[in-house]
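Inside the fold
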Amino acid sequence: MHLLRSAHSYTEIVKRVALLGATGSIGRQAIEIVEAHPELELCAAASGSTPLDHVDAPLKQVGGDLTELLERAEPDVVLNGVVGFAGIHATLWALGNGVDLALANKESLVAGGELALAALATGGARVLPVDSEHSALFQCLEGRSGDQIDSLVLTASGGPFRGRSREELLDVSPEESLAHPTWSMGPKVTVDSATLANKGLELIEAHFLFGVPYEQIEVVIQPTSIVHSLARFRDGAAIAHLGYPDMRVPISYALTYPERAATTLPPLDLTTLRLEFEAPDLETFPMLALAREAGEKGGTYPCAYNAANEVAVAAFLAGRLPFLGIADLVADALARVDGAPAGDLEQLVDADRAARALADEGLAVA
Ligand SMILES: NC(=O)c1ccc[n+]([C@@H]2O[C@H](COP(=O)([O-])OP(=O)(O)OC[C@H]3O[C@@H](n4cnc5c(N)ncnc54)[C@H](OP(=O)(O)O)[C@@H]3O)[C@@H](O)[C@H]2O)c1
């Protein structure tokens, strides 16, 4: 934080935001939020390869080492909206340097959860979840001690293929997978939603964010995506977070925390809401059970799950793997990795690389 020096006063406090993944779905919505709030300013923006001409930030970087950019930018908060394991360095940099982390890049926490916890302990930063489910849980749990919690319930829309059988998924196309019923998101997370890998990643993310054992984290389908998640407590009460499915709300919450600045979203029209719940179909969508298994095994199994899934989703989007092949490829890679814990980032990067190599091998024979 610093005081904004103006001709009139020193009163306005400005939060300097480093936005990583500025050209993506999260990044573009984050820019909208920053532009709407004078107390937020972009100090840096980064993308992987898309030019940043339209982004108004003093420091911009396309590709390259994100931690170098962060060192120069000296942000108050890093919004990590990068997709995939590529976001790991920025996540660990923020946590290790005591800089608040608004985390959309769930893959970094899934792959590097143990290292993230260690960095958090030394750096003293806050993690402000941007994933809508985890933002919801963060709010449901705020001010409550761990011993009061009975369980966490992550909600899932079920994606575009909810209710279908495996036979009906044999030849679904990338285009069909990208037609999400309730959320508008980047391609990788949209396919992850269709396979339920997204909920698998979120299960592991929730374990590391809230320190709750896997057996106390449930997943339930809530097709309209109005209930963003809920926490059950030991006295039988359950506290849920409701809202329209619009990522600007959790992005705004994380960036303006703890002020909870206003957004332009309309209030929920309660009279028109449909709030049915159903159990996930774990046989048709094996990615959720595979994530739970990888999370429970620990070590670098979650890293391998994520890495193999990234390879599989890219292959599916490129037309080189059928939809059901995604889970097969991930299951095969998980069966072949050693899963040994990573003591540092270098070892984690090695584990990621090894799992990708196994998934590539599996792809060659698929
Ligand atoms: N979209 C949502 O509503 C949503 C909701 C919850 C959580 N999330 C999570 O948020 C993250 C981003 O999702 P998204 O939907 O915004 O993805 P997206 O639309 O595909 O955008 C990804 C962003 O990451 C950038 N990027 C990729 N590799 C990079 C690298 N090596 N260095 C710097 N930037 C890099 C991309 O830049 P280029 O344009 O140059 O490729 C792009 O700006 C994912 O982890 C996702 O699971 C998203």
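Above this text you will find the structure in question.
Residues numbered from 1 in each chain as written. Predicted model: local features only at pLDDT ≥ 70, side-chain atom pairs only at ≥ 80, totals over all residues. Heavy atoms only, no water.

**Concerning the packing of aromatic side chains**
Scanning the entire structure with this criterion turns up 5 aromatic pairs. Taken together, a centroid distance of 6.3 Å and an interplanar angle of 75 degrees make the contact between F138 and Y253 edge-to-face. A residue pair is termed long-range when its members are at least 10 positions apart, and F138 in helix α6 (residues 132–141) and Y253 in helix α10 (residues 248–256) qualify at 115 residues. Like Y253, F138 is buried. Aromatic pair Y253 and Y257: ring centres 5.7 Å apart, planes at 65 degrees, arrangement edge-to-face. Both residues of the pair, Y253 and Y257, count as buried. Taken together, the aromatic side chains of F138, Y253 and Y257 make up a single cluster linked through ring pairs. Sitting over the ring of Y301, K297 keeps its end group 4.6 Å from the ring centre. (Phe/Tyr/Trp six-rings, centres within 6.5 Å; stacked < 30°, edge-to-face > 60°. Helix = DSSP H or I, 4+ residues; strand = E, 2+ residues; numbered from the N terminus. Buried < 20%, exposed > 50% of the residue type's maximum accessible area, 1.4 Å probe, protein only. Lys NZ or Arg CZ within 6 Å of the ring centre and 35° of its normal.)

**So, the side chain of S229**
As for its position among the elements, S229 is in strand β10 (residues 227–233). Owing to a relative accessible area of 0%, S229 belongs among the buried residues under this scheme. There is a polar contact of 3.4 Å between the side chain of S229 and the backbone nitrogen of T155. (Polar contact = N/O pair within 3.5 Å; in protein donor to acceptor, adjacent residues only side chain to side chain.)

**Some remarks on the environment of A355**
Topologically, A355 is positioned in helix α14 (residues 345–365). Taking the C-alpha atoms as reference, A355 lies 27 Å from T50; in sequence the two are 305 residues apart. For A355, the contacting residues outside a window of four places in its chain are A304, A307, A333 and V337. (Contact = heavy atoms within 4.5 Å.)

**With respect to helix α11 (residues 287–297)**
Taken together, the buried positions of α11 are M287, L288, L290, A291, A294 and G295. Down the axis of α11, the buried side of the element spans an arc of 160 degrees, and every buried residue falls inside it. As for α11, its buried residues are in contact with α8 (187–195), α9 (197–210), β9 (217–221), α12 (301–317) and α13 (325–336). (Arc of directions from axis to C-beta.)

**Overview of the side chain of S177**
Considering the arrangement of structural elements, one finds S177 in helix α7 (residues 174–177). Given the relative accessible area of 0%, S177 is considered buried. S177 has contacts with P160, F161, V172, T190, V191, A194, F316 and F323, leaving out every residue within four places of it along the chain.

**Let's talk about the pairing of strand β5 (residues 77–80)**
Side chains of β5 alternate between two faces, with V77 and L79 and V78 and N80 buried alike. For strand β2 (residues 13–20) and β5, the ladder comprises 4 bridges, and the chain directions are parallel. By the bridge assignment for β5, L19 is matched with L79. Pairing of β5 with strand β6 (residues 100–103), which is carried by 4 bridges, proceeds in the parallel orientation. Paired with V77 across the strands is D100, a residue of β6. The handedness of the β5 to β6 crossover, carried by helix α3 (residues 88–96), is right-handed. (Pairing = 2+ DSSP bridges. Right-handed = clockwise from strand over helix to strand, strands pointing away.)

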